[in-house]
There are 2 protein chains.
Amino acid sequence: MGDFMERTELLPILLELFRQQGYAGVSIADVSKATGLGKSSLYHHFPEGKEQMAREVLQHVEVGVRESFVAPLKAVGDPHERLREMTKMVEDFYDGGRKGCILDGLTLGAASEPFRQMVARSVEAWVAAMASVAVEAGLSKKVARERAEDALIAIEGSLVLSRALGDQKAFKRVIKNLPQRLLGETNL
Amino acid sequence: MGDFMERTELLPILLELFRQQGYAGVSIADVSKATGLGKSSLYHHFPEGKEQMAREVLQHVEVGVRESFVAPLKAVGDPHERLREMTKMVEDFYDGGRKGCILDGLTLGAASEPFRQMVARSVEAWVAAMASVAVEAGLSKKVARERAEDALIAIEGSLVLSRALGDQKAFKRVIKNLPQRLLGETNL
DNA sequence: GTCTATACTAGGATAGAC
DNA sequence: GTCTATCCTAGTATAGAC
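To start, this report covers the structure provided alongside it. (Residues numbered from 1 in each chain as written. Chains lettered and ligands numbered in written order. Predicted model: local features only at pLDDT ≥ 70, side-chain atom pairs only at ≥ 80, totals over all residues. Heavy atoms only, no water.)

## Describing the packing of aromatic side chains
According to the stated counting rule, one finds 12 aromatic pairs over all chains in the structure shown. The interplanar angle of 80° and the centroid separation of 6.0 Å between the aromatic rings of A:Phe69 and A:Phe93 together place this pair among those described as edge-to-face. Taken together, the positions of A:Phe69 in helix H4 (residues 49-74) and A:Phe93 in helix H5 (residues 79-93) put the pair 24 residues apart, joining distant regions of the chain. When its relative accessible area of 27% is taken as the criterion, A:Phe93 is described as partly exposed. An aromatic cluster is built from A:Phe69, A:Phe93, A:Tyr94, A:Trp126 and A:Phe171, whose rings are joined through pairwise contacts. Its end group placed over the ring of B:Tyr23, B:Lys50 keeps NZ or CZ at 4.6 Å from the ring centre. (Phe/Tyr/Trp six-rings, centres within 6.5 Å; stacked < 30°, edge-to-face > 60°. Helix = DSSP H or I, 4+ residues; strand = E, 2+ residues; numbered from the N terminus. Buried < 20%, exposed > 50% of the residue type's maximum accessible area, 1.4 Å probe, protein only. Lys NZ or Arg CZ within 6 Å of the ring centre and 35° of its normal.)

Written out as structure tokens, the structure reads:
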């Protein structure tokens, strides 16, 4: 079995670790336990250690954002329907608010510098796609962009709050109101 | 000089460490460097180590939330004016978006369990105070509560995004629109 | 209350056998 | 590609002098 296959099994596990524990909170021993691989095997796959793991997780996430969030928004059909499709994927990815955001986990602390550019790319792709749908639905470019940024802010904020309170209702409400927040004409 | 004075000097330093690095990202050596105290002195002040430090930081934050955010909201005067006063304090506390939120830093990872209840108290006090002002300004209880929760979500989310992108404009925009978000009749 | 010194554990990383 | 064994550093925590 080649390297390529291994990575597709490893990266989702690493993603789960980093989003739940943050960069500093994940030890190589944790990774070893979660993957079933010994430390030496891990260094075989990731010679530069934990930082490389995090970098590859972010690359993996960037692909995931494009496939799961951006692609549905760019599909054919009614803007509202495409937005609902994305919303479903978001709800799924964050497990209804039980799982945190990797942007959060990997940008906390001084170790985050190497990751900032990759994070920015994923954020920009997602926000741009949401804004584009809003423009199609009739909003001005300026308003569409602001609402798209607000949508992402609301998602991130509700994930922090849901985690902090151990209660997913903040996330659920944000998800439910997301189409209205992005495309609606009035406050909720 | 008594114990009481020492804590008022130590806790703000600990707060800065935890909000920037998260719980797992802070080592006793970091604390030693930041405070100028040797490790043994730190264990003299906090016999239960890092967890006690974090707990006391959260107690300190709870007081700060009540004094800096809740108190202005409960003062006499125009609701909009009181809200602007709180907004100023929030902007100041987060240093215009350059400093992260302690709720975020202390709830990431498995070590966060002991802190959840304290975090929840601060959150509830702040949200309740914002909702109360919104009710005074004429909103229904239900809408006021939702808007207050949304305001906190927006603050938390914009802090995550500002940190992730290394750019404070998300936070600044949320702060600028906060009164409208809470009390306004339409979308921004 | 703070220091130096020390013990011990956990974490990161590598060498070399299979 | 994975393992065991090992190394070294960093991290937590304590003892005892001042």
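## Quick word on the interface of chain B and chain A
Taken together, the 41 residues of chain B in the interface contact 40 residues of chain A. Between chain B and chain A we count six salt bridges in total. Two residues, B:Glu149 and A:Arg173, come together in a salt bridge whose shortest N-O distance is 3.0 Å. If you list the elements that add at least two residues to the side of chain B that touches chain A, you get helix H1 (3-25), helix H6 (102-107), helix H7 (116-136), helix H8 (141-165) and helix H9 (169-183) of chain B. No other element matches the 15 residues that H8(B) contributes to the side of chain B that touches chain A. Residues that form the side of chain B that touches chain A fall into these classes: 17 nonpolar, 13 polar and 11 charged. (Contact = heavy atoms within 4.5 Å. Salt bridge = Lys/Arg side-chain N within 4 Å of Asp/Glu carboxyl O. Nonpolar A, V, L, I, M, F, W, Y, C, P; charged D, E, K, R; others polar.)

## Side note on the packing of helix H9 (residues 169-183) of chain A against H8(B)
Contact geometry of H9(A) with H8(B) gives a least axis separation of 12 Å together with a crossing angle of 95°. The angle between the axes of H9(A) and H8(B) places the two elements in the roughly perpendicular class. Residues A:Ala170, A:Arg173, A:Val174 and A:Arg181 of H9(A) lie in contact with H8(B), whose contacting residues are B:Glu146, B:Glu149, B:Asp150 and B:Ile153. Looking at the contact of H9(A) with H8(B) residue by residue, the class counts come to three nonpolar, no polar and five charged. (Axes fitted to C-alpha atoms, helices over the stretch in contact; angles between N-to-C directions. Parallel < 35°, antiparallel > 145°, perpendicular 65-115°, else oblique.)

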